[in-house]
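A look at the structure
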Amino acid sequence: MKKSVLILLMGLLIAGCGSVFQPGPTPTPTLDPEAPEITITLSDFSFTPNRIKLRVGQNVTLHVRNGSATDHELMIGRNPLRDESGQLGDGFEHDFFALTQPEVSGEAQVMGLEGAQMDMPMGTATAEGEMAMGSETPSTETGGMEGMGEAEMQNGFMAMFESEQEADISFTVNEDMLGAWTMGCFETSQGIVHFDEGMVGNVIVLGE
Ligand SMILES: [Cu+2]
């Protein structure tokens, strides 16, 4: 049954091609699948688009622009930090950009970039960490953790944009980044917590 339908369809296709010649659609330049450039506009209080899909292996450039009069920021991570009362903190528990090596060009004020680069010369801390792993001494291990940089733990990568500022954030997507992430703005202006006002979005990383 299935097979006969298929044969019938194929027959129709061949017949169609034979009788009327139709050139294929002209390929229009769209997103380069290997190196997509995605424009994200910041406004009061949203990201446009608020849902982006990436794929492992891509060299992505996020072209971010603040189109509003208010300062806004872009962070991507999991589990936004909140205190016991539910007050929003300064970032996510897990930072998306810590898993790759983002490069920023443009007008944004960037923080937490050193946390994203694990090969930064924090010499002794790394050596201590390795020693702790080998000897399994809890005290040295704690020392190593502190040395790895508090900024990364607390804030992660953050790009802040004043009104009309724009910048490109480029990075390679790797498989550690698979899954669903949240992009958010942790700014507060005139008592408005942007994140809670809806300045959030989704970043989905798919496998190759
Ligand atoms: Cu904002």
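Nothing here was measured: the structure is a model prediction, and the numbers come from that model.

Remarks on the nonpolar core
Within the largest apolar cluster, 30 residues are counted, with the highest numbers of intra-cluster contacts made by Leu54, Leu62, Ile76, Phe96, Ile169 and Phe171. The contact partners of Leu62, leaving out residues within four places of it in the chain, are Ile38, Ile40, Ile52, Leu74, Ile76, Phe97, Ala167, Asp168, Ile169 and Phe171. Core analysis: the next-biggest nonpolar cluster, separate from the first, contains eight residues, Leu88, Met160, Phe186 and Phe195 among them.

A short note on the environment of Glu103
Looking at the element boundaries, Glu103 is found in strand β7 (residues 103-106). Residues Glu103 and Ser170, spaced 67 residues apart in sequence, show a C-alpha to C-alpha distance of 5.2 Å. Not counting the four nearest positions on each side in its chain, Glu103 is found in contact with Asp168, Ile169 and Ser170.

Some words on the coordination of the copper ion
In the first shell of the copper ion, the protein supplies His72 (ND1), Cys185 (SG), His194 (ND1) and Met199 (SD), at 2.0 to 2.7 Å from the metal. Coordination at the copper ion comes from four donor atoms whose angles at the metal span 85 to 139 degrees, giving a geometry best classed as irregular. Between consecutive donors of the copper ion, the numbers of intervening residues give the motif H-x112-C-x8-H-x4-M. In this pair, His72 is assigned in strand β5 (residues 72-82) and Cys185 in the loop between β11 (179-184) and β12 (188-189), connecting sequence segments 113 residues apart. On the basis of relative accessibility, which here comes to 0%, the residue Cys185 falls in the buried class.

Remarks on the side chain of His194
Relative to the helices and strands, His194 resides in the loop between β13 (192-193) and β14 (200-206). On the basis of relative accessibility, which here comes to 0%, the residue His194 falls in the buried class. At a separation of 2.7 Å, a polar atom in the side chain of His194 contacts the side chain of Ser189. Excluding residues that lie within four positions of it along the chain, His194 makes contacts with Phe45, Thr70, Asp71, His72, Cys185, Glu187, Thr188, Ser189 and Met199.

Calculation criteria
Residues numbered from 1 in each chain as written. Predicted model: local features only at pLDDT ≥ 70, side-chain atom pairs only at ≥ 80, totals over all residues. Heavy atoms only, no water. Core = buried A, V, L, I, M, F, W, Y, C linked by side-chain atoms within 4.5 Å. Buried < 20%, exposed > 50% of the residue type's maximum accessible area, 1.4 Å probe, protein only. Contact = heavy atoms within 4.5 Å. Helix = DSSP H or I, 4+ residues; strand = E, 2+ residues; numbered from the N terminus. Donors = N, O, S within 2.8 Å, 3.2 Å for Na, K, Ca; no water. Tetrahedral: all angles 85-135°; square planar, octahedral: opposite > 155°, others 65-115°. Polar contact = N/O pair within 3.5 Å; in protein donor to acceptor, adjacent residues only side chain to side chain.

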